[in-house]
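Summary of the model geometry
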Amino acid sequence: MYKILEKKVLNPTVVQITVDAPHAARHAKAGQFIILRADQDGERVPFTIAAADPEKGTVTIIYQVVGASTRKLMALEEGDELADFAGPLGRPSEIEGENVVIIGGGVGCAIALPTAKAFHDAGKNVTTIVGFRNKDLVILEDEFKAVSDTYYLMSDDGSVGEKGLVTAKLKELIENGQKIDKVIAIGPLIMMKFVCALTKEYDIPTVVSMNPIMIDGTGMCGGCRLVVDGQMRFACVDGPDFDGHKVDFDSAMSRNGAYKEKEHHDYEEACRLLNRKEGD
Amino acid sequence: MPNMQMNKHPMPVQEPDIRITNVEEVALGYTPETAIEEAKRCLNCKHKPCIGGCPVNIHIPDFIAKVAEGDFEGAYRIISLTSSLPAICGRVCPQESQCESKCVRGIKGEPVAIGRLERFVADYMREKGEGKPEKPQPNGHKVAVVGAGPAGLSAAGDLAGMGYEVTVFEALHTPGGVLMYGIPEFRLPKAIVQHEISKLKDLGVEFVTNFVVGRSETIEELMNEGYEAVFVGSGAGLPNFMNLPGEELKGVFSANEFLTRFNLMKAYREDSPTPIQHPKKTVVVGGGNVAMDAARCARRLGSEVYIVYRRSLEELPARKEEVEHAMEEGIIFKLLNNPVAVHGDENGCVNAVECIEMELGEPDASGRRRPIAKEGSSFMIDADCMIMAIGTSPNPLIRSTTEGLETNRKGCLIVDENEMTTREGIYAGGDAVTGAATVISAMGAGKKAAAAIDKALLKDA
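What you are looking at is a predicted structure, and each value in this text was computed from that prediction instead of being measured.

**Digging into the sheet that holds strand β6 (residues 81–82) of chain A**
Residue and element names in this part refer to chain A.
- The strand order β6-β1-β2-β5-β4-β3-β7 describes an open sheet built from seven strands, whose pairing is antiparallel. The sheet terminates laterally at β6 and β7 (84–89), the two strands that pair on one side only.
- Here four bridges tie strand β3 (residues 33–37) to β7, and the two strands are oriented antiparallel to one another. From the neighbouring strand, Arg37 faces β7, where its bridge partner is Asp84.

**Things to note about the side chain of Asn256(B)**
- For Asn256(B), the location among the structural elements is in helix α12 (residues 255–264).
- For Asn256(B), the side chain forms a polar contact with the main-chain oxygen of Met220(A), separated by 2.7 Å.
- Beyond its immediate stretch of four places on either side in the chain, Asn256(B) contacts Met220(A), Cys221(A), Tyr181(B), Gly237(B) and Thr392(B).

**Structural notes on unusual backbone geometry**
- Cis geometry marks the peptide bond from Gly87(A) to Pro88(A), where omega comes out at -5°.
- Mapped onto the secondary structure, Pro88(A) falls in strand β7.
- Between Gly239(A) and Pro240(A) the backbone carries a cis peptide bond, its omega angle lying at 10°.
- By the element assignment, Pro240(A) lies in the loop between α7 (235–238) and β16 (241–243).
- A positive phi angle is found at Asn210(B), which is not glycine, with a value near 60°.
- Its place among the elements puts Asn210(B) in the loop between β3 (206–208) and α11 (219–224).
- By relative accessible area, Asn210(B) is classed as buried at 3%.
- The backbone of Lys266(B) shows a phi angle near 50°, a positive value even though the residue is not glycine.

**Notes on the packing of aromatic side chains**
Residue and element names in this part refer to chain B.
- Throughout the structure, instances matching the rule amount to ten aromatic pairs over all chains.
- Note on Phe72 and Phe120: the rings are 4.8 Å apart at their centroids and 85° apart in plane angle, and the pair reads as edge-to-face. You can see Phe72 sitting in helix α5 (residues 72–82) and its partner Phe120 sitting in helix α7 (residues 114–128), a full 48 residues away along the chain. Comparing Phe72 with Phe120, the two get one shared label, buried.
- Summarising the aromatic geometry, the rings of Phe120 and Tyr124 are spaced 5.9 Å apart at their centres and angled 40° between planes, so their arrangement reads as tilted. Here the residue Phe120 and the residue Tyr124 both occupy positions in helix α7, the gap between them amounting to four residues, near one helical turn.
- Under the relative-accessibility criterion, Phe120 is labelled buried at 6%.
- For Tyr124, a relative accessible area of 29% gives the class partly exposed.
- An aromatic cluster is defined as three or more aromatic residues linked by ring pairs; in this entry it consists of Phe72, Phe120 and Tyr124.
- Its end group placed over the ring of Tyr227, Lys142 keeps NZ or CZ at 4.5 Å from the ring centre.
- Note that Arg300 overlies the ring of Phe186, its terminal NZ or CZ placed 3.8 Å from the centroid.

**Remarks on the interface of chain B and chain A**
- Contact residues are listed per partner, giving 40 residues for chain B and 41 residues for chain A.
- In terms of surface lost to chain A, no three residues of chain B exceed Asn210(B), Arg215(B) and Pro273(B), which account for 19% of the buried area on that side.
- Taken together, chain B and chain A are joined by three salt bridges.
- We note a salt bridge from Arg26(A) to Glu221(B), for which the minimum N-O separation is 3.4 Å.
- Our count for the chain B to chain A interface comes out at 18 residue pairs in polar contact (both at pLDDT 80 or more).
- Those elements that provide at least two residues to the side of chain B that touches chain A are β5 (238–239), β6 (252–254) and α12 of chain B.
- Tallied by class, the residues present in the side of chain B that touches chain A amount to 16 nonpolar, 14 polar and ten charged.

**Here we look at the side chain of Thr260(B)**
- Following the sequence through the fold, Thr260(B) ends up in helix α12.
- Since its relative accessible area comes to 1%, Thr260(B) is described here as buried.
- In this structure Thr260(B) touches Ile215(A), Met220(A), Tyr181(B) and Met265(B), once residues within four positions along its chain are discounted.

**Examining the pairing of strand β14 (residues 385–388) of chain B**
Residue and element names in this part refer to chain B.
- Going residue by residue along β14, you find Cys385 and Ile387 tucked away on one face and Met386 and Met388 tucked away on the opposite face as well.
- Sheet topology places β6 next to β14; three bridges connect them, and they run parallel. Of the residues in β14, the one forming a bridge with Phe253 is Ile387.
- Bridge count between strand β7 (residues 281–285) and β14: four bridges; the pairing is parallel. Paired with Val285 across the bridge in β14 is Met388.

Definitions and limits used
Residues numbered from 1 in each chain as written. Chains lettered and ligands numbered in written order. Predicted model: local features only at pLDDT ≥ 70, side-chain atom pairs only at ≥ 80, totals over all residues. Heavy atoms only, no water. Pairing = 2+ DSSP bridges. Helix = DSSP H or I, 4+ residues; strand = E, 2+ residues; numbered from the N terminus. Polar contact = N/O pair within 3.5 Å; in protein donor to acceptor, adjacent residues only side chain to side chain. Contact = heavy atoms within 4.5 Å. Buried < 20%, exposed > 50% of the residue type's maximum accessible area, 1.4 Å probe, protein only. Phe/Tyr/Trp six-rings, centres within 6.5 Å; stacked < 30°, edge-to-face > 60°. Lys NZ or Arg CZ within 6 Å of the ring centre and 35° of its normal. Buried area = accessible area lost by both parts, 1.4 Å probe. Salt bridge = Lys/Arg side-chain N within 4 Å of Asp/Glu carboxyl O. Nonpolar A, V, L, I, M, F, W, Y, C, P; charged D, E, K, R; others polar.

In structure tokens:
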């Protein structure tokens, strides 16, 4: 069993937990993920590693409550145990490029942070652009500032930072002549798609971190397949990082919606049950 | 005097129209009386050809003689000398191309039902509660096994029996490998798999789940931690697709994904948090056991099911019983057909599979007649689900994180006659070496490797 050592609520739907998982912690690197099951009958759900401490044997993940499984996960507190926690999985991010722009969208920032930190620790020049819908959803602001040479905060409604999309800020930087060797975009598929469309115009290499539906996560089921450069690739063993200019985002977006109805139904059900339990 | 009845005693089964509404086991097993009668069909011939047909060389006529005497415990002891997982093999081995294909009774009439008898003996002992095996005297050596599927379990069982301290590292949350995620409940009940695994635990085998060798730790690190030999039974790996236009559509699955959702995650249950599509019309591509399993799972979810296979019935590689059961369950075989494209609707979901008719030409490298497409013969099958069961390619994780492991053109690990890889102390077997094959051949390889590891380590000692 894997004990939850620390739990922090970052915003109303985003939670950070640190878990006792020595095997997963030992070699965990930025860009890799774990698969967990909250309980014995649970679904296998992948989460990107937000931080790992090999000495303490802990792995930190940040998740957004979007469905039944994450809703149940949120019901667990410090001291509770997860049934399963396997990893690290996938290939670590490549920390190459002197001047990088790291873009995080929403809860994707949780994944962008360790990548920003890895570049920062390697002595690279790091610009981060993070975007949220509004000020209530902002997470990890201090953490990002600590590992960024320059930090830009954007919001859809202008309630915090600058009003506008992350792509607007990126475009501004490019047009102002900032030297950018590489862009790394992590967030909703639609955001990554538009970042890639923009950087393609300027021929700036761009890496995206893909987060498709997975079952086993170890290279067996092929559920996480993507079309990259016209070829079928598996996010769990070939990724999760891919050359963003080669990813077919439209098919990825379609595939991610495969179980929407069931997910919605189960989420409602989980909320109903958990609310009742919490109300007892 | 042997029972000279020409045919095997039939296996009692759940009726097809009932069983497609549940996931309970299809074949119900012999009663003690039937088992004794069937065992009496064995001539106990001198040259025992059946043993040569068994990848783990079970002393077949000896155990059958015990069954004929009604001494089922004695029969079990004989099977256990060479096989660690009889309840499983009795159910999933392709006996018709192994032991039973060599049976003298098969020359005129049907061979002795060796598989059914093996299953009977194992089930009898399990139901009786066979008692815990005695832990052997430890010999002070440590061996690591990568992967808790058939190859790994059989290697672990044999090594533990010889006194080795064995740790099995498994990437998934449950040990069993393909026995858990691949083969469905109605063909191999999961409680039986877990029972066989608990017997290995009683022997002292330790299982570490959620441990991805190559990522959590490398083989190198395991060896530095004191494991003197490592057996790699990491299994088949990534599913193959055909690179057809439309394969990325929703509703197209690998058999591994569909089966993993159904079996390992029990998505057929209403209360399962893991979703699975409940298709109306399914096209399964392929003709092996995996294709049959996927088709029969889809059937149990209420779908009309087509199996599209590019050769004819004669070349169908699946176990005979599975094909018969699939046909009885109303699965439609579209033989000598091959898919060429997948068509979808405006929501990105499959709505039809375009196929082309095939004919058989000259034999190819595999010795089977090569299927050739008939020009202009394409046609559509309306379907909202397509399952690709056309094999797998090895997972690159272990070879890419372990120095000195050589692989063949297909990416399978190369081993010598003792199942040792190109790196001393590292052995391998099962699908990781052979590509997709059978449970029993994987178990045979695990067994062989265990013997070779024993020889190598004791020589060093």
